Amino acid sequence: MQNPLARFVPQLAGEYPKSFLKLFDQVLVPSGMDTEEVKQSLWKAFEFGYRHHEGQKRKSGKPYFEHCIAVAEILASWNMDPTMIIGGLLHDTIEDTQASHSDLVENFGEDVAILVEGVTKLGDIEFSTREEQQAGNFMKMLLSVAKDLRVIIIKFADRLHNMLTIEYMPRIKQHRIAMETRDVYSPLAHRLGMAKVKWQLDDLIFKTLNPKAYKEINSNLKSTTKQRERYIKTVTNALREELKKYDIEANVYGRPKSHHSIYKKMSKQDKSFDEIYDKEAIRIIVEKMEDCYLALGVIHQNYSPVQERFKDFIATPKTNAYQSIHTTVVGPDKKLVEIQIRTEEMEATAEIGVAAHWKYKESNGKDSKGMDSHVGWLRELLDILQSEESDPREFMHLLKIDLFNDEIFVFTPKGALVQLPESSTPIDFAFKVHTEVGMKCLGSKVNQKVVPLNTVLKNGDLVEIITGKDQSPNYGWLKFVVTSKARNKIHRFLKEADREASLKLGEEILIKTLRRLKKLDLQEEIKSSFQKFGFQTTEQLMEVIGNGTLTVRKILEKITPESEPDFDLEDETPSRFSFGGKTTKGVQLQGIKDVMVSFGKCCNPIPGDEMLGFITRGRGLTVHRSSCTSLPLLNEQKDRLVPVDWDVAKTDLFNVRLKITGQDRKGILKDLTESISSQNINIKSVDMRGKDSVATAHFIVQVNNIRQLDRIIRKIKKVKGVDRIERAER
Ligand code: MN
């Protein structure tokens, strides 16, 4: 009989369990580590996990711990180190057993405990399939990635095994898990460059969510296996022969594409199974990078390449660090064949992405847990996430674009390849090339033609950016840029510029108001009263005066309670960039009083304008300028048009839209704003955009009457660079 203690102390039985030995066989013991020591520590974890999960069963009826072993084996197949394998073995202990964090620290050290706790926390995240919450899910995921990349790698191994055994789950749970995997794990695997994991997950998701289509493709693939294999053999043999002639050591093999990718091609191109030509790709794995290009040369010499299908991801790795050469050639029997050429190291990166980089880095020693510098995409996002001003909603927007959009590839004038998300514009391109290029972007040429900055770039475009020394980002850009980097930089710049403008304006308003009230002596007292209003600096106080959040009157009331608020507030410039409520001003309709009056939003009449009233059904009288373009439309109902007159107080304010066009130069917005404010005219809103070095600004200003309006129009015309001013209709 076996010693009853043998399960815990295998040496007593003289052997380890088979499942342990099978796992240990797959573990790559890092050089410099003692094999026996590694075995002992792995065994300790194995035993611990086995003991704690004892009695638990999976839905399949198998012992729960088999899942933990499977996860450890997946990690071993990715060549992860012993600590990671131990983390895999124990990944469910905190969640599902009596073991605590301190138990793990005591037995396996802080590092393992951190990993297991990280995986447990990740499991606690409720992933919502509601679209607006998805990005929030990613945010939490990414934060954990930022802390310790190893946690997400274990989580992927866990998820992969759960998907592999999903058939034992109740149908409804299968659905939920598959959708979560589709919405969260698959895109993240893609962005982390874990191509093989993504590929495996996608196929399992497809199988779960669309079993009918999966079965159909499966049977189609089966019935054509022989002929496809024969063809692949012909091609690979021919390629091997050719490569040998040039002494290129290469491993050449055919790789079937996943069910999911074939299905995606079929639905995307609206083709039948038979019409999809590339159901497998040929891989050529060589030793050195130079050999990749040599092999490419040999292939193109023998088979003519399809021009637009050639991509060099070695010279320009994808954002997820993927490297390879892709080419599609006309192979034997005039069939198109896709060939991928890469080195072994690139192959490892292509399969497990960041995990491979983490591994390489680990061997270099320090900072193994941190982010990998190769994964620029992630670093950029985390940068934004960790910057003090990040707005979660804005971040989510960026994240979604970065995670879901496909990439396009465009060229610099020097021929360098630049990759961008779909829907990118020249501004995105400019920021991608260099922040300074983006900040000074004035115009752009695509394929030698000048185009507006909001042009959507297409694959293969040659993009050139024209910069101007005095140029700077404006609000208009935010309406069309898509990349995180561009948005973030533009935001930061505008925020700072806004802050500076408000600060300046605040000082001006304060001094002007105090001068008018003959209370200039209070200036210093007000400036040093910032704490009374909950601010930390004088600047902050000036800023809120400038942006209209706080009025000088309110400040005076508070610091000199006895003083009477007897001054007229008209000069106190109200908030810029904000819309106030709409009030109805007086209009006289011959003989009738108290009629419900509204102003045509199309033309915004102001006192002095010739007007016509239109009697609506049930909404009273609408008043338009007699030159309003929407009046002829109303003309059919001529009998409803009535002459009206103004009946307003001199101080009533009316909104007027002004469209100003001019040269898109730096500071033009500031000059326009200043020339308007200098007349004591309130600006209710500003919108400005530049296109082909033409700036178009829309202002809504508040005036008393037409004379005042004419005066400011004359004044604006004098601003340098201004070309045209129109009173705009909407
Ligand atoms: Mn698990």
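Heads up: these notes are all about the structure in this document.

All of the buried residues along helix 17 (residues 344-352) are M346, E347, T349, A350 and I352. Just downstream of helix 17, G353 is the residue with a positive phi angle, here 55°.

A separate point is the side chain of E73. Its place among the elements puts E73 in helix 4 (residues 65-77). For E73, the side chain forms a polar contact with the side chain of K22, separated by 3.1 Å. A polar contact of 3.3 Å, which involves the side chain of E73, links it to the side chain of Q26. Apart from residues no more than four positions distant in its own chain, E73 is found in contact with K22, L23 and Q26.

Attention shifts here to the sheet that holds strand 18 (residues 694-703). The sheet built from 4 strands is open, its strands ordered 17-18-16-19 with antiparallel pairing. In the strand order of this sheet, the two ends are held by strand 17 (682-691) and strand 19 (722-727), each with one partner. The average undirected angle you get between the axes of adjacent strands in this sheet is 20°. In the sheet, strand 16 (residues 654-663) pairs with strand 19 via 5 bridges, with the strands oriented antiparallel. Bridged to G662 within strand 19 is V722. Helix 30 (residues 706-717) contacts strand 16, strand 18 and strand 19 of the sheet and is inclined by roughly 165° relative to strand 19.

This paragraph deals with a negative patch on the surface. On the surface, D247, E249, E287 and E344 cluster together into a patch of negative charge. Looking at where D247 falls in the secondary structure, it is placed in the loop between helix 14 (225-245) and strand 1 (250-256).

The next point concerns the sheet that holds strand 10 (residues 463-467). Sheet architecture is open: 3 strands sit in the order 9-8-10, paired in antiparallel fashion. Each having just a single partner strand, strand 9 (449-451) and strand 10 make up the two edges of the open sheet. For this sheet, the mean angle separating the axes of adjacent strands, direction not counted, is 35°. Note: strand 8 (residues 441-446) against strand 9, 3 bridges, orientation antiparallel. Within strand 9, the position partnered with K445 by the bridge is V450.

The rules behind the values
Residues numbered from 1 in each chain as written. Predicted model: local features only at pLDDT ≥ 70, side-chain atom pairs only at ≥ 80, totals over all residues. Heavy atoms only, no water. Buried < 20%, exposed > 50% of the residue type's maximum accessible area, 1.4 Å probe, protein only. Helix = DSSP H or I, 4+ residues; strand = E, 2+ residues; numbered from the N terminus. Polar contact = N/O pair within 3.5 Å; in protein donor to acceptor, adjacent residues only side chain to side chain. Contact = heavy atoms within 4.5 Å. Pairing = 2+ DSSP bridges. Axes fitted to C-alpha atoms, helices over the stretch in contact; angles between N-to-C directions. Patch = residues over 30% accessible without salt bridge, like charges linked within 9 Å, V, L, I, M, F, W, Y side chains within 5 Å. Areas by Shrake-Rupley, 256 points an atom, 1.4 Å probe, with all protein chains shown as cover. Salt bridge = Lys/Arg side-chain N within 4 Å of Asp/Glu carboxyl O. Lys, Arg positive; Asp, Glu negative; His and termini not counted. Charge placed at Lys NZ, Arg CZ, Asp CG, Glu CD.

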